[in-house]
Amino acid sequence: MSPGHVRRLRMVLLAIVLAPVLAHADRAMRFRVEVALLAHETHQAVLGPTSTRLFARIRSDLGVLGFEARSYCASAGCDIGPIKARIGIARKALRRKAMATVWSEMRALRRRFPVDLRGLLPLRPYGRRWREGRFLYAHLCATCHAAAGPQSPIPNLFVLARHERPADLVVEILAGVRGTRAVGYADPLSGRQVAALADYLTAPVRPGASGGPGRAAASR
């Protein structure tokens, strides 16, 4: 067997060995992102009036969370009972619109299953990664978000970024927002690209600068 054939055989064997590991990692990430997204959304509902849109989104996300929990525990061999119990309590509380209880359950799950954001945080609103984020925003986000008016359900992402914790912003980019046309980029984009997009959205604006958000960072 030639050296080339040996190398290809090794790559195939490595792929076979790694496939279950990578699939488990992907399920774990999706589950943890869903938990973090729900914790963030239910906290928003506790802080202010719960709009019909936000209420419907939380209800939808709880359904998705149940599915992701089953997939995650099937691959990880974990006990789904405690997770199902918390999701069940949250669903009952949501029917009563007891948002503080829903948030409490999701916050407990987020503490147990945190999203690993190493390599994404802290954000760096300047330099090469920021410039990559500017490119991604222009090609992936601006078509909808830049054209949205003040009464539009589509938010201005720069305004949104100023009012959210960096970790929550990254989670929203990873997951997208259900009930809207927003797309989560956990799979199409690398971790670096997700961080680059968040860098661009959180870049400070230089007083008196023209050209929109991120102008100050561009000059550094």
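Check the entry above for the structure.
Since the model is a prediction, treat every value here as computed from it, not as a measurement. (Residues numbered from 1 in each chain as written. Predicted model: local features only at pLDDT ≥ 70, side-chain atom pairs only at ≥ 80, totals over all residues. Heavy atoms only, no water.)

1. So, the state of the cysteines
On inspection of all chains with the given rule, the structure shows 1 disulfide. Each disulfide pairs two cysteine sulfurs, and for Cys73 the partner residue is Cys78, the sulfurs being separated by 2.2 Å. Judged by the sign of its S-S torsion, about -95°, the cystine formed by Cys73 and Cys78 is left-handed. Looking at Cys78, the relative accessible area reads 25%, which means it is partly exposed. (Disulfide = S-S within 2.5 Å. Buried < 20%, exposed > 50% of the residue type's maximum accessible area, 1.4 Å probe, protein only.)

2. Digging into the side chain of Asp199
Here Asp199 is to be found in helix α8 (residues 191–201). Given a relative accessible area of 0%, Asp199 falls into the buried group. Setting aside residues no more than four positions away along its own chain, Asp199 makes contact with Leu123, Arg124, Pro125, Arg129 and Trp130. (Helix = DSSP H or I, 4+ residues; strand = E, 2+ residues; numbered from the N terminus. Contact = heavy atoms within 4.5 Å.)

3. Remarks on the pattern of salt bridges
With the rule as written, the count across this model stands at 7 salt bridges. With a closest N to O distance of 2.8 Å, Arg86 and Glu105 form a salt bridge. Pair noted here: Arg86 is in helix α3 (residues 81–95) and Glu105 is in helix α4 (residues 99–112), with a separation of 19 residues, a long-range link. With relative accessibility at 32%, the residue Arg86 sits in the partly exposed group. With a shortest N-O distance of 2.9 Å, Glu132 and Arg192 are connected by a salt bridge. Of this pair, Glu132 sits in helix α5 (residues 127–145) while Arg192 sits in helix α8, and the two are 60 residues apart along the sequence. (Salt bridge = Lys/Arg side-chain N within 4 Å of Asp/Glu carboxyl O.)

4. As for unusual backbone geometry
With an omega dihedral of 0°, the bond running from Leu121 to Pro122 counts as a cis peptide bond. The residue Pro122 is located in the loop between α4 and α5 in this model. We note that Lys97 has phi near 60°; this positive angle belongs to a residue other than glycine. Structurally, the position occupied by Lys97 is in the loop between α3 and α4. A relative accessible area of 60% places Lys97 in the exposed class.

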